[in-house]
Amino acid sequence: MATATDALLAAARAREAGFEGSRAVIPSMHVAIVTCMDSRIDTFRIFGLESGQAHVLRNAGGLASDDMLRSLVLSQRRLQTREIILMHHTDCGLYRTDEPALLAEIAADTGGVPPYAFGSFQNVDDAVRRAIERVREHPYLPHRENVRGFVYEVETGHLREIVM
Ligand SMILES: [Zn+2]
């Protein structure tokens, strides 16, 4: 039975003929965008980006987790980005997720719990503020003067800045 992956592979092969051409590894706009894995966030369309212009880093929630910070440090120290956009969004799957219940479910299924937090939050604006603070306070990032946070409204497409 064909999977969704099979369908996506067929689409990728069909698009090879229209490949935009090789790009430099250094993002030409020198910016890194951190956002959620949510399927409604089309980062390239939202910002009018093309291949080769920006780093796009994603995880569940778009949180400034240790691994996200690891990627940002590499992005700045080896790949010459200097600005960071942190973009959370409305109707996030992590919003009001009952984290204790999730951990209990995992423990019941597997007998163990993962060593990481899922990062559930109650207020998206506060979650953006925490991410901005965490990035701005990360001492291994050489460029922290242009770190801005936003909430993308999946209902309207509006991007709302969170001012600290
Ligand atoms: Zn999300």
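Residues numbered from 1 in each chain as written. Predicted model: local features only at pLDDT ≥ 70, side-chain atom pairs only at ≥ 80, totals over all residues. Heavy atoms only, no water.

A. Representation of the packing of aromatic side chains within the structure. Within this structure, the stated rule accounts for two aromatic pairs. Their ring planes at 45° and their centres at 6.0 Å tell us that Tyr-95 and Phe-121 sit as a pair that is tilted. With Tyr-95 in the loop between strand E3 (83-89) and helix H4 (99-110) and Phe-121 in the loop between H4 and helix H5 (124-136), this pair connects stretches of sequence that are 26 residues apart. By relative accessible area, Tyr-95 is classed as partly exposed at 32%. Its relative accessible area of 2% is what places Phe-121 among the buried residues. When the centroid spacing of 5.6 Å and the interplanar angle of 85° are considered together, the rings of Tyr-116 and Phe-118 count as edge-to-face. (Phe/Tyr/Trp six-rings, centres within 6.5 Å; stacked < 30°, edge-to-face > 60°. Helix = DSSP H or I, 4+ residues; strand = E, 2+ residues; numbered from the N terminus. Buried < 20%, exposed > 50% of the residue type's maximum accessible area, 1.4 Å probe, protein only.)

B. Examining the coordination of the zinc ion more closely. Protein ligation of the zinc ion involves Cys-36 (SG), His-89 (NE2) and Cys-92 (SG), the donor distances falling in the range 2.0 to 2.2 Å. Mapped onto the sequence, the residues coordinating the zinc ion show the spacing C-x52-H-x2-C. Of this pair, Cys-36 sits in strand E1 (residues 31-36) while Cys-92 sits in the loop between E3 and H4, placing them 56 residues apart in sequence. With a relative accessible area of 4%, Cys-36 lands in the buried category. (Donors = N, O, S within 2.8 Å, 3.2 Å for Na, K, Ca; no water.)

C. Spatial organisation of the sheet that holds strand E2 (residues 54-59). In space, the five strands of this open sheet follow the order E2-E1-E3-E4-E5, with mixed pairing throughout. Unpaired on one side and paired on the other, E2 and strand E5 (159-162) mark the two borders of the sheet. This sheet shows a mean twist of 25° between the axes of neighbouring strands, independent of strand direction. Across the sheet, helix H3 (residues 66-79) touches E1, E2 and E3, and the angle it forms with E2 is around 170°. Across the sheet, H5 is in contact with E3, strand E4 (147-152) and E5; its angle to E4 comes to roughly 160°. (Pairing = 2+ DSSP bridges. Axes fitted to C-alpha atoms, helices over the stretch in contact; angles between N-to-C directions. Contact = heavy atoms within 4.5 Å.)

D. Molecular detail of unusual backbone geometry. Positive phi outside glycine occurs at Gln-80, with the angle close to 65°. Considering the arrangement of structural elements, one finds Gln-80 in the loop between H3 and E3. The phi dihedral of Asp-91 falls on the positive side, at around 60°, and the residue is not glycine. Inspection of the secondary structure assignment puts Asp-91 in the loop between E3 and H4.

E. How the structure looks around the pattern of salt bridges. In total, this model carries nine salt bridges according to the counting rule given. Close ionic contact of Asp-38 with Arg-40 constitutes a salt bridge, the shortest N to O distance being 2.8 Å. A relative accessible area of 12% places Asp-38 in the buried class. Across the pair Arg-129 and Asp-126 runs a salt bridge whose closest N-O atoms are separated by 2.9 Å. Here Arg-129 pairs with Asp-126, and both are found in helix H5, just three residues apart, close to one helical turn. Where salt bridges share partners, they join Asp-38, Arg-40 and Asp-91 into one cluster. (Salt bridge = Lys/Arg side-chain N within 4 Å of Asp/Glu carboxyl O.)

F. Quick look at the layout of surface pockets. Empty space within the largest pocket amounts to approximately 380 Å³. Lining the largest pocket are 18 residues, with Leu-63, Ser-65, Ala-117, Phe-118 and Gly-119 positioned closest to its centre. At four residues, the largest contribution of residues to the lining of the largest pocket is made by H5. Its residues placed into classes, the lining of the largest pocket shows 10 nonpolar, five polar and three charged. (1 Å grid on protein atoms, 1.4 Å probe; cavity = no way out; pocket = protein on both sides within 12 Å on 5 of 7 lines; lining within 4 Å. Points joined across faces, edges and corners; volume = space filled by probe spheres on them. Nonpolar A, V, L, I, M, F, W, Y, C, P; charged D, E, K, R; others polar.)

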